[in-house]
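Listed below are the residues making up each chain.
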2 protein chains.
Amino acid sequence: MNGTAAWPPVYDDEYLPAPDQRYWFPERETMPAGERDAFILARLRATVRWAWERSPFYREKWTRAGVHPDHLRRLEDLHRFPVVTKEELRAEQAAHPPAGRYVCIDPADVARVHGTSGTTGKPTVFLIGRDDWRRIANAHARIMWGMGLRPGDMIFIASFFSLYIGSWGALAGGERLRAACFPFGAGQPGQTLRAVRWLLETRPAAFYGTPSYALHLAEVAASERVDPRDFGLRVMFFSGEPGAGIPGTRRRIEEIFGAACLDSGSMAEMTPWMSNAECACRSGMHLWQDVVYCQVCDPRTFEPVRYGREGTPVYTHLERTSQPMIRLLSGDLTRWTDDPCECGRTYPRLPRGIYGRIDDMCIIRGANVYPSAIEDTLRTIDGFGGEFQVVISRERAMDELVVRAEYSAEVARRAATAPDLLQALRERMAARLTATLGIRPIVRCEPPGTLPRTEFKARRVLDNRALYETALAGADDPPRRPGRGAPGQA
Amino acid sequence: MNGTAAWPPVYDDEYLPAPDQRYWFPERETMPAGERDAFILARLRATVRWAWERSPFYREKWTRAGVHPDHLRRLEDLHRFPVVTKEELRAEQAAHPPAGRYVCIDPADVARVHGTSGTTGKPTVFLIGRDDWRRIANAHARIMWGMGLRPGDMIFIASFFSLYIGSWGALAGGERLRAACFPFGAGQPGQTLRAVRWLLETRPAAFYGTPSYALHLAEVAASERVDPRDFGLRVMFFSGEPGAGIPGTRRRIEEIFGAACLDSGSMAEMTPWMSNAECACRSGMHLWQDVVYCQVCDPRTFEPVRYGREGTPVYTHLERTSQPMIRLLSGDLTRWTDDPCECGRTYPRLPRGIYGRIDDMCIIRGANVYPSAIEDTLRTIDGFGGEFQVVISRERAMDELVVRAEYSAEVARRAATAPDLLQALRERMAARLTATLGIRPIVRCEPPGTLPRTEFKARRVLDNRALYETALAGADDPPRRPGRGAPGQA
């Protein structure tokens, strides 16, 4: 069992399993989950101690919260440590540029600089240490092995090589796996057409990118009268947006390319981001808990929910010394299970991948709309019954925002004798919402008890614009919104 | 002296010189050139033997030429091996796809797939072995050390990460050097503006890209009222096009950025392409002969010219097992010298870098024009005197092609009594050239002995369109054309 005893762990960069071996580290991947917990706890304690000793950011945050590394005696103690939000990281980097006070290594040991593109303001800087980069490569190679990739396979990496860490993580894993890496990238005019030609010419075993790019590639191939099946791909693995884990999209990609479609990815900050990844059985992303520890949590209390329940992933690094993330709140929405997977790995799984957001921000006609803002506005209005639902649709190119708001029992009683009352309430709601949101919604006043009661805010939004809904139609739950910023897949 | 005895050489990936040490491998870099020759010969013989045993391409080519690895007893024997041209490589790959029969390693050992973009037809595929990739990283790190880069320096890599091997070679060298690599890339809209922001934010020690991109970056910075000196760069190293070695362009870049500007680069096929590279003294690119052996050759006989003379570089790999290039003809034009450099390295140098092409193809109003085609056409015309000159200029946006052709002594004698004779000759030349070239030139008939006699075809072309001429104006030789496909630097 490689890398167990010491922390930070050191992996043998020359190790490779026999090609017919199913697991990279058989013992670590198949041990009873309870036994694994001891291993995880030891790494958690080491990581928390490492951060406490080196990061004023964490020390101050934990001191304010009244916690200390000594409090972490059992896994159950972890949730006493407050979650970290992305906004907090951005604020920390702005106050202590460029990378904030949570870089826990010597600047001379930084091997790679990456970051987010910062479309919503100041970008986030990632400084990754040399030893971390090797561990990331080892973790990704191990997980890619679980996807069915083997030494000598050619891996075509089709996403942009720049700040975005997705492409680089796939490349690092492929190199460590002893694959033939073809870092084709993206970004320049005509490059998808060139990709079609190079795929035909070189016939790689594997493809990495986003699901929407794979579908775009298929369209470009079709326009050239090329059948994507002629690329001869065996495995296509994805990250960067939901899609590969959604049955309808997965089926479509598998039919078009004739290759197995696998979902992966947590967050850029959590690199090795492949710690959420499907194995070759494709029964939902495994949480490779000995690499990054993930708890699916109640989005109000941030305590772990029971298996079978829905919540938001909260991630903690177990192998990172540079910028370790301890309880980073993803804001994603998922459901986890510990039902066994055919592959024999004993990790929990996300059987339907990541399918929504807890902060449920929507972009409607170019405006950022938070249902929480709708709720705040409605609550200032006398006669609002307390429950509401947001329905977004697209008629041709135009987004439509419908707010269904229940009126109070009091209004219901009075409306029986004052029929204009509901019309006046509707107009008041529409005017206030327009002022707040910057766009005009259609308001419908509904009798008390009409709307479904939901567990999370996200359930209050029905976004009928995206293709995800179609894809989810066969699933057992009602449709959800995709993750924030997920490109459409039309 | 690392990596001397065995072939293929194996380098210690953990080795680093002391930071104040000038040389990475002091002995190898400063030994008398004559002593180095023995070292080079041993590697040459091993490389040629390796290719003979594994590559039907080389075996057939050398058998046709009547040479055999046993004939390589002294360095002077090398030119008995015929040069390889890029056209030959393309034809070989077309006949034996995808990579031709000069991949001399097991396909399972391929680590990286790259290539040329193939703007002029079929692209060229590079398959680089795992051990070669490590050797490339070691060679580049060593040469970057000579540029003055040190562990912990942050290197901002500003060129596109895709097929183009330039960015990847700089990254591999930076990683091996233990630098903090920031592979920013290029290609997406708005990325140069983002580069300005990230450079200001992270203040890297070094920049890699093309000279024309550095000048473009400076323009974008100026439009944002950012002074590129505020990036705090210390070293800027370049490849991919001439420019960094041209005094005027170098001065301009150094003034704008306040950083040292260094030239490097041989050919993508020759990766480690940094085997041509300036040291911190910036007195012209050294030929790191123990990494890639370069002979500056007569472009007709392909025999090495004496130091001080002009010719075309012919390159031979000394450390590559995958796709080794043995006597690859560059077609570039340069002059070499063995005058000592201040740095103490005993490598020959290219004091003015690479400043032209021997095949002197010109692109005029979108048409590819070879002076050889002009010559062939003129030679079919009775009355042509045998010497000609091509002058290309640009008036506003329009290219102008002027062909100055001497008439024969016979025509000169007859023209004294038949004044229309020259006019008729001129019209005949113009008509035939228009038919051949696809564009209409202005023809001027000149008396015998008017035009300068030149050593190479390239001297017959004066291209007054490019900025290189302005940059070269201060130099001791008349202006030349830039390399083929070199982007303009406006």
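Just so it is clear, the structure is predicted and the values come from calculations on it, not from any experiment. (Residues numbered from 1 in each chain as written. Chains lettered and ligands numbered in written order. Predicted model: local features only at pLDDT ≥ 70, side-chain atom pairs only at ≥ 80, totals over all residues. Heavy atoms only, no water.)

This brings us to the packing of aromatic side chains. The description of an aromatic ring pair rests on the distance of the ring centres and on the angle between the ring planes. On inspection of all chains with the given rule, the structure shows 49 aromatic pairs over all chains. Geometrically, the ring pair formed by Trp24 of chain B and Phe25 of chain B is edge-to-face, given 6.4 Å between the ring centres and 75° between the ring planes. Assessed through its relative accessible area of 1%, Trp24 of chain B is described here as buried. Relative accessible area serves as the criterion here: at 6%, Phe25 of chain B is assigned to the buried category. Judged by centre distance (5.2 Å) and plane angle (45°), the ring pair of Tyr208 of chain B and Phe237 of chain B falls under tilted. Note that Tyr208 of chain B is positioned in strand 5 (residues 206–209) and Phe237 of chain B in strand 6 (residues 235–238), a separation of 29 residues in sequence. Here Tyr208 of chain B matches Phe237 of chain B in class, with each residue buried. Following the ring pairs from residue to residue traces out a cluster consisting of Trp52, Phe57, Tyr58, Trp62, Phe81 and Tyr102 of chain A. Sitting over the ring of Trp145 of chain A, Arg150 of chain A keeps its end group 3.8 Å from the ring centre. We note Arg352 of chain B situated over the ring of Tyr355 of chain B; from NZ or CZ to the ring centre the distance is 4.5 Å. (Phe/Tyr/Trp six-rings, centres within 6.5 Å; stacked < 30°, edge-to-face > 60°. Buried < 20%, exposed > 50% of the residue type's maximum accessible area, 1.4 Å probe, protein only. Helix = DSSP H or I, 4+ residues; strand = E, 2+ residues; numbered from the N terminus. Lys NZ or Arg CZ within 6 Å of the ring centre and 35° of its normal.)

All right, on to the pattern of salt bridges then. In total, this model carries 52 salt bridges over all chains according to the counting rule given. The partner of Asp290 of chain A in a salt bridge is Arg142 of chain A, and the shortest N-O contact between them spans 2.9 Å. Placement of Asp290 of chain A in the loop between strand 9 (285–287) and strand 10 (292–297) and of Arg142 of chain A in helix 5 (residues 130–146) is noted, with a sequence separation of 148 residues between them. You can call Asp290 of chain A buried: its relative accessible area is 0%. Across the salt bridge formed by Glu29 of chain B and Arg345 of chain B, the nearest N and O atoms sit 2.8 Å from each other. Of this pair, Glu29 of chain B sits in helix 1 (residues 26–30) while Arg345 of chain B sits in the loop between strand 13 (332–335) and strand 14 (349–350), and the two are 316 residues apart along the sequence. Judged by relative accessible area, which is 0%, Glu29 of chain B ranks as buried. (Salt bridge = Lys/Arg side-chain N within 4 Å of Asp/Glu carboxyl O.)

With that settled, the discussion passes to the interface of chain B and chain A. Contacts between the two partners involve 41 residues from chain B and, on the opposite side, 41 residues from chain A. Glu175 of chain A serves as the salt-bridge partner of Arg112 of chain B, at 2.8 Å between the closest nitrogen and oxygen. The interface formed by chain B and chain A holds twelve residue pairs in polar contact (both at pLDDT 80 or more) in total. Counting only elements with at least two residues in the side of chain B that touches chain A, the list comes to strand 1 (110–115), helix 5 (130–146), helix 6 (165–176), strand 4 (180–183) and helix 7 (191–202) of chain B. Residue contributions to the side of chain B that touches chain A peak at six residues, all from strand 1 of chain B. A per-class count over the side of chain B that touches chain A returns 23 nonpolar, eleven polar and seven charged. (Contact = heavy atoms within 4.5 Å. Polar contact = N/O pair within 3.5 Å; in protein donor to acceptor, adjacent residues only side chain to side chain. Nonpolar A, V, L, I, M, F, W, Y, C, P; charged D, E, K, R; others polar.)

Relating the two copies of this chain is a rotation about some axis coupled with a shift parallel to it. After a rotation of 180° and a shift along the axis of 0.0 Å, chain B superposes on chain A with an RMSD of 0.1 Å. Overall, the copies show the geometry of a two-fold rotation axis. Among all residues of chain B, the minimum C-alpha distance to the rotation axis is found for Gly187 of chain B, at 2.6 Å. (Least-squares fit on C-alpha atoms with pLDDT ≥ 70 in both.)

Let's shift gears to helix 2 (residues 33–54) of chain A. What sets the pattern is the α-helix's 3.6 residues per turn: residues three or four places apart point alike. Residue and element names in this part refer to chain A. For helix 2, built from 22 residues, the straight-helix expectation of 32 Å at 1.5 Å per residue is met to within 8% by its first-to-last C-alpha distance of 31 Å. Inspection of helix 2 places Arg36, Phe39, Ile40, Leu41, Arg43, Leu44, Thr47, Val48, Trp50, Ala51 and Trp52 among the buried residues, and these make up the whole buried set. On its buried face, helix 2 sits against helix 1 (26–30), helix 3 (56–65), strand 10, strand 11 (310–317) and strand 12 (326–329). (Expected span 1.5 Å × (residues − 1).)

Of all hydrophobic cores here, the largest spans 144 residues; its most connected members are Tyr58, Trp62 and Phe237 of chain A together with Tyr58, Trp62 and Phe237 of chain B. Residues within four places of Phe237 of chain A in sequence aside, it is in contact with Met144, Met147, Leu149, Ile155, Ala170, Ala206, Phe207, Tyr208, Gly209, Leu262 and Met274 of chain A. (Core = buried A, V, L, I, M, F, W, Y, C linked by side-chain atoms within 4.5 Å.)

To continue, consider the sheet that holds strand 8 (residues 276–277) of chain A. All names here are of chain A. Taking strand neighbours across the sheet as the criterion, the three strands line up as 8-9-14 in an open arrangement whose pairing is antiparallel. Lying at the two open borders of the sheet, with one neighbouring strand each, are strand 8 and strand 14 (349–350). Across two bridges, strand 8 lies against strand 9 in antiparallel orientation. Residue pairing in the sheet places Ala277 in a bridge with His286 of strand 9. (Pairing = 2+ DSSP bridges.)

The next point concerns unusual backbone geometry. All names here are of chain A. In this chain, Trp7 is followed by Pro8 through a cis amide linkage whose omega measures -5°. Its place among the elements puts Pro8 in the segment before helix 1. A cis amide bond, omega -5°, links Pro97 with the succeeding residue Pro98. Position of Pro98 among the secondary structure elements: in the loop between helix 4 (86–95) and strand 1 (110–115). Despite not being glycine, Gln323 has its phi angle at roughly 45°, a positive value. On the secondary structure map, Gln323 appears in the loop between strand 11 and strand 12.

All names here are of chain B. Strand order in the open sheet made by the three strands is 8-9-14, with antiparallel pairing throughout. Of all strands in the sheet, those bounded by a partner on one side alone are strand 8 (276–277) and strand 14. In this sheet, strand 14 lies alongside strand 9 (residues 285–287) in antiparallel orientation, the contact comprising two bridges. In the strand pairing of strand 14, Met285 is matched with Leu350.

Residues and elements named next belong to chain A. For chain A, mean pLDDT is 88; residues scoring 70 or higher make up 89% of the total. Counting contacts from residues 467–490, a segment whose pLDDT is below 50, to residues more than four positions away or on other chains yields 65 contacts. Note on the complex model: pTM 0.80, ipTM 0.79. (pLDDT = per-residue confidence, 0-100.)

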